[in-house]
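Below are the chains, spelled out letter by letter.
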Amino acid sequence: MSSLEKNIKPYSKAIVKLLKAPIESSASLWETVNNYQTEIQEYVSLMGLELMVKKDDGFAYLRQFEDSDGNTLGLISRRQVGYEITIILVVLRQSLEEFDSNPAQFDVNEKYISRSNIKEELELFLEAGYNELKFQKELDGYINKIVELGYLKEVSKTDSEVIYKIHRIIKEKVTLDVLKEFKNKLQHYVESV
């Protein structure tokens, strides 16, 4: 018996996957995460991490513990995103919030959005004098970065349109407080113009 076989636990693959990305309820490791939550939490807490299982939203992920100053051990890198990506994330989060607030949507759990819908929503947030032509040219790159970060997942693509699923982990990263703060800044900007 090899060292790997002797030391591997039934939940080891789930931990490895969680260190890389969230696990969705549709994934084969979802049951493992649910069945071994305590063991996984005990293991990852040694690394300064906390297992977050969002059963209602259908995903699990790891979050870093923070000290009183907001410092972490740094195992999971924090990614700084630019202004443009921030705007897109806020638009996506707002879209998900509106979707979840709509009682007519109860039979559907996932929010889908097209690339053209993202573009339409973003036009409302661009500042006066902002280089819109440049932004439109770079929009695909921004969206690809958001896909890479795990907030959008491409579900269908044609020559003229791409449809994405908004991953619910965006609710953990772009909280309602962040949305409120962004709306307040936007309101102050509108009032100053």
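These figures come from a predicted structure and were not determined experimentally.

K.L.:
Which parts of the structure should I look at to understand a negative patch on the surface?
P.N.:
Negative charge collects at one region of the surface, where Glu98, Glu120, Glu121 and Glu123 lie side by side. The element contributing the most residues to the negative patch is helix 6 (residues 115-123), with three residues. Counting through the fold element by element, Glu121 comes out in helix 6. Since its relative accessible area comes to 35%, Glu121 is described here as partly exposed.

K.L.:
Honestly, the nonpolar core in this entry has me stumped. Any pointers?
P.N.:
Across soluble globular proteins, you tend to see nonpolar side chains buried next to one another. Core analysis: the biggest nonpolar cluster contains 31 residues, and Ile88, Leu92, Ile118, Leu122, Ile146, Leu152 and Ile170 have the highest contact counts within it. Contributions of two or more residues to this core are made by strand 3 (59-64), helix 5 (83-101), helix 6, helix 7 (132-149), strand 6 (162-166) and helix 9 (176-192). No other element matches helix 5, which puts nine residues into this core. Leave out the neighbours within four places in its chain, and Ile146 touches Ile85, Ile88, Leu89, Leu92, Tyr151 and Leu152. Tyr11, Ile23, Val33 and Ala60 belong to the second-largest nonpolar core, a separate cluster that totals 14 residues.

K.L.:
What exactly am I supposed to notice about the pairing of strand 3 here?
P.N.:
For a regular strand, the rule is simple: side chains alternate between the two faces of the sheet. The buried fraction of strand 3 amounts to five of the six residues, a majority that puts the element mostly inside the structure. Judged from the two bridges that link them, strand 1 (residues 23-24) and strand 3 form a sheet pairing that is antiparallel. Residue pairing in the sheet places Glu24 in a bridge with Phe59 of strand 3. Alignment of strand 2 (residues 49-54) against strand 3, held across six bridges, turns out to be antiparallel. When the sheet's bridge partners are listed, Val53 is paired in strand 3 with Ala60. In this structure, the hairpin formed by strand 2 and strand 3 is closed by a connection of four residues, where Gly58 is found at a positive phi of approximately 80 degrees.

K.L.:
What am I meant to see in the sheet that holds strand 5 (residues 152-157) here?
P.N.:
To summarise the sheet geometry, strands pair through backbone hydrogen bonds and adopt either a parallel or an antiparallel arrangement. With respect to topology, three strands assemble into an open sheet ordered 4-6-5, the strand pairing being antiparallel. Looking at which strands have only one partner, the edges of the open sheet turn out to be strand 4 (112-114) and strand 5. The sheet shows a mean angle of 35 degrees between the axes of neighbouring strands, taken without regard to direction. Here five bridges tie strand 5 to strand 6, and the two strands are oriented antiparallel to one another.

Each value, and the rule that gives it
- Residues numbered from 1 in each chain as written.
- Predicted model: local features only at pLDDT ≥ 70, side-chain atom pairs only at ≥ 80, totals over all residues.
- Heavy atoms only, no water.
- Patch = residues over 30% accessible without salt bridge, like charges linked within 9 Å, V, L, I, M, F, W, Y side chains within 5 Å.
- Areas by Shrake-Rupley, 256 points an atom, 1.4 Å probe, with all protein chains shown as cover.
- Salt bridge = Lys/Arg side-chain N within 4 Å of Asp/Glu carboxyl O.
- Lys, Arg positive; Asp, Glu negative; His and termini not counted.
- Charge placed at Lys NZ, Arg CZ, Asp CG, Glu CD.
- Helix = DSSP H or I, 4+ residues; strand = E, 2+ residues; numbered from the N terminus.
- Buried < 20%, exposed > 50% of the residue type's maximum accessible area, 1.4 Å probe, protein only.
- Core = buried A, V, L, I, M, F, W, Y, C linked by side-chain atoms within 4.5 Å.
- Contact = heavy atoms within 4.5 Å.
- Pairing = 2+ DSSP bridges.
- Axes fitted to C-alpha atoms, helices over the stretch in contact; angles between N-to-C directions.

Any functional reading would require information beyond the geometric quantities listed.
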